[in-house]
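# A structural walkthrough
Take a look at the letters that make up each chain.
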Amino acid sequence: TAIGLGASSCGGLFAFLAGGADVKRLHGGLAARGGLEAALLAEAGVESPDAVIEGPSGWAQAFTGQQADFPLPPDDRDFRILGCYLKPHACCRHLQPAFEATLDLVSANRLQPEEITAINVETYEISAHHAQVGWDSFANAQLSFPYLIALAVKHGDASLRRFDDEHRNAPWVSAVAEKLTVTATADLDRRYPRERPCRITLDTTRGRFSAEKAEASGGPEEPLSDDTIRTKFMELAAPILGGERAQALLHRAWTIEEAPDVSVLVDLASQA
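Here is a short report on the structure shown in this document. Throughout, residues of each chain are indexed from 1 in the direction in which the sequence is written. Totals for whole chains, interfaces and linings use every residue, but because this is a predicted model, local features are given only for residues with pLDDT of at least 70 and side-chain atom pairs only at 80 or more, for both listing and counting. The side-chain figures draw on all heavy atoms in the structure; neither hydrogens nor water molecules are used.

## Notes on the side chain of Asn140
Cut-off, in case you're wondering: Strands here are runs of E lasting at least two residues and helices are runs of H or I lasting at least four, both read from the DSSP assignment and numbered beginning at the N terminus. Exposure categories follow from relative accessible area, calculated using a 1.4 Å probe and restricted to protein chains: below 20% of the type maximum is buried, above 50% is exposed, and the middle band is partly exposed. Here, residues are in contact when the closest pair of their heavy atoms is within 4.5 Å.
Mapped onto the elements, Asn140 comes out in helix H6 (residues 138-141). Overall, Asn140 belongs to the buried group, its relative accessible area being 13%. In this structure Asn140 touches Ala21, Val133 and Gly134, once residues within four positions along its chain are discounted.

## Side note on the nonpolar core
Filter applied, for reference: We call a set of buried residues a nonpolar core when its members are Ala, Val, Leu, Ile, Met, Phe, Trp, Tyr or Cys and they connect through side-chain atoms within 4.5 Å of each other.
Judged by nonpolar contacts, the single largest core of 42 residues is most densely connected at Ile119, Val121, Leu148, Leu151, Phe163, Ile200 and Leu202. Those elements that provide at least two residues to this core are helix H4 (96-108), strand S1 (116-123), H6, helix H7 (145-154), helix H9 (171-177), strand S2 (180-184) and strand S3 (198-204). When residues in this core are grouped by element, the largest group, eight residues, is from H7. In this view, Val121 contacts Ala98, Phe145, Leu180, Thr181, Val182, Thr183, Arg199 and Ile200; residues no more than four positions away in its chain are not counted. One finds Met234, Leu241, Leu250 and Leu265 within the second-largest nonpolar core, a separate group that totals nine residues.

## Examining the pattern of salt bridges
The condition is simple: Salt bridge, as used here, is a side-chain nitrogen of Lys or Arg placed within 4 Å of a carboxyl oxygen of Asp or Glu.
On inspection of all chains with the given rule, the structure shows 16 salt bridges. Among the ionic pairs, Glu122 bridges to Arg199, the shortest N-O distance being 3.1 Å. Of this pair, Glu122 sits in strand S1 while Arg199 sits in strand S3; the two residues are 77 residues apart in sequence, bridging distant segments of the chain. Two residues, Arg162 and Asp157, come together in a salt bridge whose shortest N-O distance is 2.9 Å. Assigned by exposure class, Arg162 and Asp157 land together as buried. Through salt bridges with shared partners, a single ionic network connects Glu122, Asp187, Arg191, Arg194, Glu195, Arg199 and Glu212.

## Quick look at the packing of aromatic side chains
Defined as follows: Two aromatic rings, drawn from Phe, Tyr or Trp (for Trp, its six-membered ring), form a pair once their centres lie within 6.5 Å of each other, and the interplanar angle then sorts them: stacked below 30 degrees, edge-to-face above 60, tilted otherwise. For a ring to carry a charge above it, either NZ of a lysine or CZ of an arginine must fall within 6 Å of the ring centroid while also lying within 35 degrees of the normal to the ring plane.
Summed over all chains, the structure comprises five aromatic pairs. Here the aromatic rings of Trp59 and Phe63 are separated by 5.3 Å at their centres, their planes lie at 35°, and the arrangement is tilted. Linking Trp59 with Phe63, this pair stays in helix H3 (residues 59-64), spanning four residues, or about one helical turn. Linked through ring pairs, Phe138, Tyr147 and Phe163 together constitute an aromatic cluster. If you follow Arg93 out to its NZ or CZ, it ends over the ring of Tyr85, 4.2 Å from the centre.

## Considering unusual backbone geometry
Going from Tyr192 to Pro193, the amide bond is cis rather than trans, its omega being 10°. Within the chain, Ser57 stands out as a residue other than glycine whose phi angle is a positive 60°. Within the secondary structure, Ser57 is located in the loop between helix H2 (24-43) and H3. The class of Ser57 is exposed, set by a relative accessible area of 69%. The phi dihedral of Arg110 is positive, around 50°, even though this residue is not glycine. Tracing the backbone shows Arg110 in the loop between H4 and S1. Judged by relative accessible area, Arg110 falls into the exposed class, the value being 70%.

Rendered as structure tokens:
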């Protein structure tokens, strides 16, 4: 386990798809800690190579085998940070388009779980790989195609509370999962990573219903409303910090340009 955690911390490896999914939630924190530590070391006067990214034996050469030239981008270039997304659901982003498409079909046609006889999902290869992931643990369920589709059919909700033992061990999960087929298709695979596309077909006792979705909500194409972001923040933060403190942190984060320094946010985010 120690070796697995150490190896995973070196670069956010996706080996957790085959087990040990708890480590995935550490990746962002490890990166943030590394960035903060680097800033503090620089402030303390510790020196580093100037060309550590593009120079000989630098980052680019280590990972690609080649040195790289990184000129500053032109002013009219789109920066990758503008394409970042927020996850509206408590699961892997690769599963969210299919979850939302299934949810839309069930809701629009007022389908009951017992009316659905077969669920066919076509998607890209990386997404389809999650069809093999089970739901035996909290973390695995967040990466499990069968479990997320079961939630879409049964509850229409993939918030954190739906991943507890009671929900994961319910008999209806296996009943829905047995109806599911997930396939990677060449045409959808070509569209990734520009999109995260899927096609959903539900066979029911009332006929066949289909939908296609190119991307889940939460990105630049379909941004979340401010109210949705606030609600999600409070759902995550209030159980840890308490409602009053979480609300104060939300306000400070939302008006961060008015904060005198970062310590205001750090103090509120730290548990008492």
